[in-house]
Structures are given as C-alpha cells and as structure tokens.
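What follows is the residue order along each chain.
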Amino acid sequence: MKRFMLFFVLCSTLLIACEPINPNGDQYPVVSADDYYWYKGNKIYLERGNQEYIIYDDALLSEIDKQKLEMSESDSYLEEPNLKWGITKPNTVIEDLEHVLYRMPSYTSEGTNFFVTHSFLVKLKDSDDLPILQNMAEQYNVKIAKEGAFPLWYVLVCNLPSSSNALDIANRFYESGKFAVSEPNFMGGLVLHN
C-alpha cells in the first residue's frame with residue numbers, strides 16, 4: 001500500500017510539473033500547467049480542451065488552414081480589416097502560424113469547449129482609479145478598448161501580435177490588488193459553479 005501511495009504522489013507531482021504542449025509540439029505563450037482565472041475572489045482552475053481560439057490575417061492565412069476552422073468572424077475590437085478571429089475544429093493543427101497573431105487553447109466544462117478571447121474585463125475600485133488602469137494597460141501592452149456596460153467597468157484587448165494572452169493578463173491585473181474585478185472574456189459553454 002505504501003508503494004502505491006508513493007507511486008500515486010510521484011505521478012501527481014510529475015503531472016503538475018509538466019507544461020502542457022499543443023499538437024505542434026510547442027508551448028502556448030505564457031500559460032502554465034495551472035491555467036486559472038479569478039471569479040468572485042475565488043481561483044477557478046481550468047482544464048484544457050482540444051480546440052484553439054485564434055486571431056489571424058484572413059488575406060494571408062493559407063486556405064488549407066482556413067478549412068480547419070469551425071467558425072470565423074470579424075471582431076469590432078480588431079482594427080485591421082483583414083483580421084478575424086476563429087475557432088479550430090477539434091484536434092486540428094494550424095500550420096501557417098506566421099499569419100496567426102494570437103492563439104489560446106480551448107478549455108472544457110462538463111464536456112463542452114469554451115474559449116478565452118483576446119479581451120478581458122476590469123472593474124475599477126473607484127472612479128478615480130482610471131489612471132491606475134491606464135498605467136497597467138501600458139505596462140502589459142494592452143489597450144483599453146471601451147468603457148463597459150456598467151459604471152467602473154472597462155474592456156481591454158491584447159495588442160497584436162501578442163506575446164501574452166488575456167487569461168494571464170487578467171490574472172495579473174486581479175492579483176495586483178488594484179482592481180475590484182479582472183476576468184477574461186469567455187466565449188462558449190462555460191459553466192460557473194459558485
């Protein structure tokens with residue numbers, strides 16, 4: 001029994017220590033084995049899915065790779081007319097990464113994939129905190145896209161091409177303690193249990 005427990009602990013430790021790798025064999029940018037976000041002050045861990053959310057140059061991405069997309073649309077936050085976001089079909093690999101400006105793995109909740117987009121939401125603690133938000137946005141190379149639908153809320157987007165992602169940056173904003181809320185913008189079948 002002791003050997004089994006030791007084996008179990010060793011395997012668990014190895015699984016936690018390993019960086020997830022995508023089908024291309026490279027690591028996703030700035031996402032660790034412990035993908036999570038903050039919701040109502042709680043750290044919610046995420047399980048990786050089998051698709052990707054990408055932003056790509058529609059005029060330059062190969063036609064073969066465009067056929068690997070399950071869905072694709074323009075986005076009001078993308079200022080370049082040729083840029084689109086897309087969702088890959090399950091278990092496919094986009095080969096033409098030169099024309100992909102942003103990518104994030106999907107996550108799963110109760111067997112359904114959901115996606116973290118290139119935007120996130122921040123709620124200020126006070127109306128005088130806008131300069132703090134502007135400073136953090138500059139520090140993390142993100143843009144304040146617009147005021148949110150409610151007072152003190154703002155929508156921020158990753159600049160493209162991006163060396164980081166909205167999940168990581170939203171967590172950094174929240175963990176700074178300077179904001180009331182900072183959450184990635186989810187798309188798809190996320191189920192909240194809280």
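Q: Quick question: what am I supposed to make of the pairing of strand 7 (residues 112–124) here?
A: For a regular strand, the rule is simple: side chains alternate between the two faces of the sheet. With 10 of its 13 residues buried, strand 7 lies for the most part within the structure. In this structure, strand 6 (residues 100–109) lies alongside strand 7, joined through three bridges in antiparallel fashion. Within strand 7, the position partnered with Ser-109 by the bridge is Thr-112. Counting the residues in the hairpin turn of strand 6 and strand 7 gives two residues, including Glu-110, whose phi is positive at 50°.

Q: Sorry if this is basic, but what is going on with the side chain of His-118 here?
A: Looking at the element boundaries, His-118 is found in strand 7. We classify His-118 as buried; its relative accessible area is 2%. Here Tyr-53 takes part through its side chain, which lies 2.7 Å from a polar atom of the side chain of His-118. Residue contacts for His-118: discarding those within four places in its chain leaves Tyr-53, Ile-55, Asp-75, Tyr-77, Leu-78, Tyr-102, Leu-156, Val-157, Cys-158 and Ala-166.

Q: What is the right way to read the confidence of the model for the protein chain from this model?
A: Fine structural detail should not be taken from predicted coordinates in areas where pLDDT scores are low. For the protein chain, per-residue confidence averages 82 on the pLDDT scale, and residues scoring 70 or more make up 80% of the total. Within the protein chain, helix 4 (residues 166–175) carries the highest mean pLDDT (97), whereas helix 1 (residues 2–17) carries the lowest (33). In this model residues 1–32 is a low-confidence stretch, pLDDT under 50, and it forms 39 contacts with partners more than four residues away in sequence or in other chains.

Q: Explain helix 3 (residues 130–139) to me, please; I cannot follow it from the model alone.
A: Restricting attention to buried positions, one finds in helix 3 the residues Leu-133, Met-136 and Ala-137. Take helix 3 and look down its axis: the buried residues cluster within an arc of 105°, on one side only. Pointing more than 90 degrees away from the buried face of helix 3 are the exposed residues Pro-131, Asn-135, Glu-138 and Gln-139. Those residues of helix 3 hidden inside the fold are in contact with strand 7, strand 8 (142–147), strand 9 (153–158), helix 4 and strand 10 (179–188). At the exit of helix 3 stands Asn-141, carrying a positive phi of roughly 55°.

Q: Can you walk me through the packing of aromatic side chains in this structure?
A: Both the distance between ring centres and the angle between the ring planes are used here to describe each pair of aromatic rings. Counted under the stated rule, the structure contains 11 aromatic pairs. For the pair Tyr-37 and Phe-186, a centre-to-centre distance of 4.8 Å together with 65° between the ring planes defines the contact as edge-to-face. Of this pair, Tyr-37 sits in strand 1 (residues 36–39) while Phe-186 sits in strand 10, placing them 149 residues apart in sequence. Where Tyr-140 meets Phe-173, the ring centres are 5.8 Å apart and the plane angle is 50°; that geometry is what we call tilted. Of this pair, Tyr-140 sits in the loop between helix 3 and strand 8 while Phe-173 is found in helix 4, placing the two residues 33 residues apart along the sequence. Note on Tyr-140: relative accessible area 24%, which makes it partly exposed. According to the relative accessible area criterion, Phe-173 is buried, its value standing at 0%. Three or more aromatic residues link up through ring pairs in this structure, and these residues are Tyr-36, Trp-38, Tyr-45 and Tyr-174. Its end group placed over the ring of Tyr-36, Lys-43 keeps NZ or CZ at 4.3 Å from the ring centre.

What counts, and where the lines are drawn
Residues numbered from 1 in each chain as written. Predicted model: local features only at pLDDT ≥ 70, side-chain atom pairs only at ≥ 80, totals over all residues. Heavy atoms only, no water. Buried < 20%, exposed > 50% of the residue type's maximum accessible area, 1.4 Å probe, protein only. Helix = DSSP H or I, 4+ residues; strand = E, 2+ residues; numbered from the N terminus. Pairing = 2+ DSSP bridges. Polar contact = N/O pair within 3.5 Å; in protein donor to acceptor, adjacent residues only side chain to side chain. Contact = heavy atoms within 4.5 Å. pLDDT = per-residue confidence, 0-100. Arc of directions from axis to C-beta. Phe/Tyr/Trp six-rings, centres within 6.5 Å; stacked < 30°, edge-to-face > 60°. Lys NZ or Arg CZ within 6 Å of the ring centre and 35° of its normal.

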